[in-house]
Structures are given as structure tokens and as C-alpha cells.
Amino acid sequence: MGFDCDVIVIGGGPAGSTAAAALARDGRSVVILERDTFPRFHIGESLLASVNDVFEAIGASELIRAAQFPQKWGATFMTPDGHVERFADFAISSEVPSPQTWQVPRAEFDDMLLRHAASCGADVRQRHRVVDITFAADGVQVSYRVNRGEQDDPDPGPDPAATLRGQMLIDASGRASLLGRRFGLRVNEPGLANVAVFSHYAGVPRAEGRRAGDIRIVARADGGWFWLIPISNELMSVGAVLPQQAFLAQRRMEAGELLQCLIADTPAVARLVAAAERRWPVRVERDFSYASKRYAGDRWITVGDAGAFLDPVFSSGVAIALESGLEGARAVERGLARGDLSARAFRAFDRRQRARYRSFRRFVVSFYTPAFRDLFFSDDPPQRMFRAVITVLAGYWRPSLVSRVWLHLFFLSVRMQAKFGFERSHLDQGHEDQVSVGSAFRRT
Ligand SMILES: Cc1cc2nc3c(=O)[nH]c(=O)nc-3n(C[C@H](O)[C@H](O)[C@H](O)COP(=O)(O)OP(=O)(O)OC[C@H]3O[C@@H](n4cnc5c(N)ncnc54)[C@H](O)[C@@H]3O)c2cc1C
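This is a predicted model, so every value here is computed, not measured.

Participant: I'd love a proper account of the overall build of the protein, names of residues and values included.
Facilitator: Each helix and strand in the protein was counted, giving 13 helices and 20 strands. In terms of principal-axis extent, the alpha carbons of the protein reach across some 75 × 55 × 40 Å. When the 444 residues of the protein are sorted by exposure, 57% land in the buried category. Taking as baseline every contact in the protein between residues at least 6 positions apart, the subset at least 24 positions apart corresponds to 76%.

Participant: Go over the nonpolar core, please, and point to the residues and values.
Facilitator: Counting residues in hydrophobic clusters, the biggest one holds 103 residues, and the most contacted among them are Phe55, Trp227, Phe363 and Phe410. Per-element accounting of this core gives the leading share, 10 residues, to helix 9 (residues 317-338). Residue contacts for phenylalanine 55: discarding those within four places in its chain leaves Leu47, Ala60, Ser61, Ile64, Trp102, Phe109, Leu113 and Leu322. By size, the runner-up hydrophobic cluster in this structure holds 24 residues, among which are Tyr201, Val218, Ala240 and Ala255.

Participant: Explain the site of the ligand to me, using residue names and the numbers behind them.
Facilitator: With respect to spatial proximity, 40 residues lie near the ligand, and among them Glu34, His42, Ser46, Arg106 and Val318 are the closest. The side chain of glutamate 34 places a nitrogen or oxygen atom 2.6 Å from an oxygen atom of the ligand. Relative to its free-state accessible area of 1000 Å², the ligand is covered by the protein chains to the extent of 97%. Only helix 1 (14-25), strand 8 (128-136), strand 14 (225-230) and helix 9 provide two or more residues apiece to the shell around the ligand. Its residues assigned to classes, the shell around the ligand shows 17 nonpolar, 12 polar and 11 charged. A domain split of the shell around the ligand shows at least three residues from each of domain 1 (5-67 + 104-187 + 289-357) and domain 2 (71-102 + 194-286).

Participant: Break down empty space enclosed by the protein for me, with residues and values.
Facilitator: Evaluated as defined, the whole model comprises 3 cavities of 30 Å³ or more. Counted as a void, the largest cavity has a volume near 150 Å³. Tyr295, Gly304, Ala308, Ile320 and Tyr357 are, among the 15 residues lining the largest cavity, the residues nearest its centre. Looking at the lining of the largest cavity, the elements with two or more residues in it are helix 9 and helix 10 (347-367). Class assignment for the residues of the lining of the largest cavity results in 7 nonpolar, 6 polar and 2 charged. In this model, the second largest cavity occupies a volume close to 80 Å³. Lining the second largest cavity are Leu48, Lys72, Ala75, Phe77, Ala88, Phe90, Ile215, Ile217, Val313, Phe314, Ser315 and Leu393. When contributions to the lining of the second largest cavity are tallied by element, the ones reaching two or more residues are strand 4 (74-78) and strand 13 (215-219). Its residues placed into classes, the lining of the second largest cavity shows 10 nonpolar, 1 polar and 1 charged. There are two domains that each give the lining of the second largest cavity at least three residues, and those are domain 1 (5-67 + 104-187 + 289-357) and domain 2 (71-102 + 194-286).

Rules used in this analysis
Each chain carries its own residue numbering, running from 1 in the written order of its sequence. Selection of residues for local features in this predicted model requires a pLDDT of at least 70, selection of side-chain atom pairs for listing and counting requires 80 or more, and totals for whole chains, interfaces and linings are taken over all residues. Calculated side-chain values reflect all of the structure's heavy atoms, with hydrogen atoms and water omitted. Each helix is a run of H or I in the DSSP string that is no shorter than four residues. Each strand is a run of E no shorter than two, and both are numbered from the N terminus. We call a residue buried when its accessible area falls under 20% of the maximum for its residue type, exposed when it is over 50%, and partly exposed in between, using a 1.4 Å probe and counting protein chains only. Throughout, a contact is declared for two residues whenever any of their heavy atoms are within 4.5 Å. As used here, the term nonpolar core means buried Ala, Val, Leu, Ile, Met, Phe, Trp, Tyr and Cys residues forming a set that is joined through side-chain atoms within 4.5 Å. Being near a molecule or strand, for a residue, comes down to having at least one heavy atom within 4 Å of it. The definition of a polar contact used here is a pair of N or O atoms within 3.5 Å, where within protein one atom must be able to donate a hydrogen and the other to accept one, and adjacent residues in sequence count solely through side-chain atom pairs. Only the protein chains shown count as cover for residues, with accessible areas throughout obtained via the Shrake-Rupley method and a probe of 1.4 Å. Residue polarity is assigned by list, with Asp, Glu, Lys and Arg as charged and Ala, Val, Leu, Ile, Met, Phe, Trp, Tyr, Cys and Pro as nonpolar; anything else, Gly included, falls into the polar class. What counts as a domain boundary in this text is fixed by an automatic or database domain assignment. Here the term cavity refers to a set of points on a 1 Å grid, laid over the protein atoms alone, in which a 1.4 Å probe fits but cannot get out; the term pocket refers to an open set having protein on both sides within 12 Å along at least five of seven lines, with lining residues being those that place an atom within 4 Å of a point. Grid points are joined across faces, edges and corners, and a volume is the space filled by probe spheres set on the points.

Below, the structure is given as C-alpha cells:
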């Protein structure tokens, strides 16, 4: 098979752009086929501290800094009534090298990364929708259709089709997960079948100083939660995540009405949004989590959501997309250099994707148990244990051995809490005292 390029990347989101930028910087010829026209809306606006390492590795740090997105130092977790606040400041962990990260309007952020990939030398082709993939022993062929978009001709005929041949394929198609679906690799997580309802608001009050850029996570009594993310000086992204059962139990409501009802019965959010003005239509998205049986095979790997998707409660999606994009690029570069692009060459890559998913999944699954929340919102959590927790929540999912021991103790405590219930639930008790107990997460 003759090749048009070394590597074909499907999808120009954060995972695809990162993989393409890294490979192009290594001198490989890379083509990104992206279905949409950027900038395009995407949900997922809160980043973790670990993304700084990836920006550095692909030469995008300056670019991101210059964009002056709102600075994020951590997360504030709140009970539904807002009376208990838990500050998770990434700086309390000595294992987080650059604790300050960003909140980003994704249309702008993704567009910047895609342009960055192009400036590194990747051939970026937007409005190219991949419709078929054929693997051969010596290469891979991708068929795509070019969306001609808005044209004067009312009947422009079918979109033109074409093919592209490369040595290697990186599937970064997000939750479309082209290869995952085609090979039947997706492993759904029925326990994490949630639905998100969200929009952007102007005029939501912010905290003072360093906490102003925090993502605020507000727990709901039904097991769901709200996010509030300051994505610009003006706009706050506000969204609710509900277990599917809770979503289905709502009487059939139009999306805007549903979000309004959810806000109204979450007192902490209702207070914050009381005088705010909605600036976007309300959107609804399924955010069902899934893992993959495999993240690599002969001449292919999956990166970002194309491989696995985890419930967004700890804002891990973009960090995982960037990290896996970079790791994928490195693995592919090694394979190209050695002339081995077989599944065997990507075993270490595959193992790492599984390990990271498992590591974050443990937190996500735990978050939906009352025991985790009771412990998380308890008045006096042990400092070292919570530092270890924050290390992972900042994106450093492989912390030091000492932190791993503390994490083990943390999850043991969650199990004990579930069994014996030492702490009273802050989700269903009345709060006579209106005291914030956020000190446990502050740097001491
Ligand atoms: C409700 C919700 C809230 C979230 N909140 C957060 C958050 O706060 N923080 C966070 O880090 N993450 C969050 N996420 C997750 C985050 O959005 C994703 O993890 C992230 O966008 C993954 O990046 P990606 O590059 O893998 O995929 P995407 O960003 O989805 O990019 C995939 C690209 O592939 C393209 N594509 C798809 N099919 C084709 C095709 N056939 N041909 C060509 N191109 C194709 C698409 O157009 C798209 O541009 C959230 C997700 C949800 C659902």
C-alpha cells in the first residue's frame, strides 16, 4: 500500500490535536480529519493541573497563558444547602508541580489546540467526516465525506467522498468512538448512567480572591450534583448531572424548565443564580460512562473519549484526553521508528489507559455513595489523607507510594463509613450552624 501520510488522526478535539501536534513536532506527516467546523461548542470546561505538563510537552504553554482564561486553583465542594464548603486547593499537595490551571470556553480552547497542531505541521482538514476504515497488513485506509456546508446551490448533491492511506490510525473521535463501536470494545458502566442539563449564565456571583476561579460542585440530595464553572469574566457554565433514573422520574419537561426546577430545588445554586441571566439555550447530554476492552490493536490506538469516558464530576475528561493523546503519540512514534505497529508494540500504552481509568473511576463511583460524601464533608478529615486525595483530583493519578497508602486508607474509611456510618450525612441533616469547614484542604 502506498501512503498519503504516516498517521491519520480521526477527530480534532483535545486528544486528536495533542496527538497530532506531538507527532508533527517529531517530523511525522499527520493528517487530522475533523467532522465539524471549528470553533464549535463542546461541553467540558474545567481543567486539571496535570494538563500543564502536556501543554509544555507540545509547546502550547505560552499560547494557553496568553489566552488569559480564568485561573483555576482548585474546586469547592458544597452541600445542597451550601452550608458546608470543602475547598480542594491543588497547591496543598507537594506532588502537584504547577497547581494553577484554567477554566476554558471549549469552542475557543479546542480551536486554539487545533490551530496549534496545524502550526506544528499537521495537515488539518475540517468538515471531513470519516465513514469507513479498512485495515490491511501493511497500512490503513480511511474513507471520508467532505461536508460542503452552506452553499448557494439548494441541491449541491451528495458530499464528495475520498480516501486516505496511512501507516497508522489514531482514533480521537470522542464519544462517537468509531473503533470502539466497530470492534464492539465499549464496556458500559450501568452504575454511571447519568444525564447532564446545562447552560451559560451571566451575573452569577463569584467567590473572592484565589477561590474566584474554582469550579463549584454542589451535591444534590438525589445523588446528582451541580457544576458552576467561571469560563470568562462574564459567563458561568451551570449544569446539573442526574442519575438517569432521577432524570426519567421528572415529568416530561422542556430542557429550560427542567434546569430551572433543578436549580430551584438545590438551595445553594438557587441563591447563586437568583439574579443571573441565561445566555444560551439549555442543552441536555447523556454522559454515560464506558471503558474499553482494548485501547490498541494492529495499526490503531484510541485516545481520549474515543477509548473511554468517565463521569465528569472530577473534571478529568480533558486532562485524560490530553495525556492519552501525548502518550499515544509517543507510542506511535516509537512504533514507527522501530517499524513495529502491531498490537504488541502498544501493550504498555494499553495498560496505562486501563490503569488511569481504574484510578479515576474509583473516585467517581465512590462520589455517588453517601459514605463518600459524608466523609468528604466531615468536619475534620485527616490532612495527609486529603492531600493524597487532592493529588489525584489534580490529575496526578499515580502519586508517591506514601500517597497511595493514604489513598488506600481513604477508601477503607469510605467502606467503614458505609458499613458503620460514623459521620452524619450532611446531605440530609439540618444545619443549625452556618460555618464553612473548608480549612482541611487549605495549605497549612
Ligand atoms: C456533561 C459533561 C461535562 C463535562 N465536564 C468536563 C469538565 O468540566 N472537565 C473536563 O475535563 N471534561 C469534562 N467533560 C469531558 C470532556 O468534554 C471530554 O472528556 C473531552 O472533550 C474529550 O476530548 P476528546 O478529544 O477525546 O473528544 P472530543 O472533544 O469530543 O473531540 C472529538 C472530535 O471528533 C470529531 N469526530 C467525531 N466523529 C467523527 C468522524 N466520524 N469523522 C471525523 N471527526 C469526527 C468530533 O467532531 C470532535 O470534534 C464533560 C463531559 C460531559 C458530557
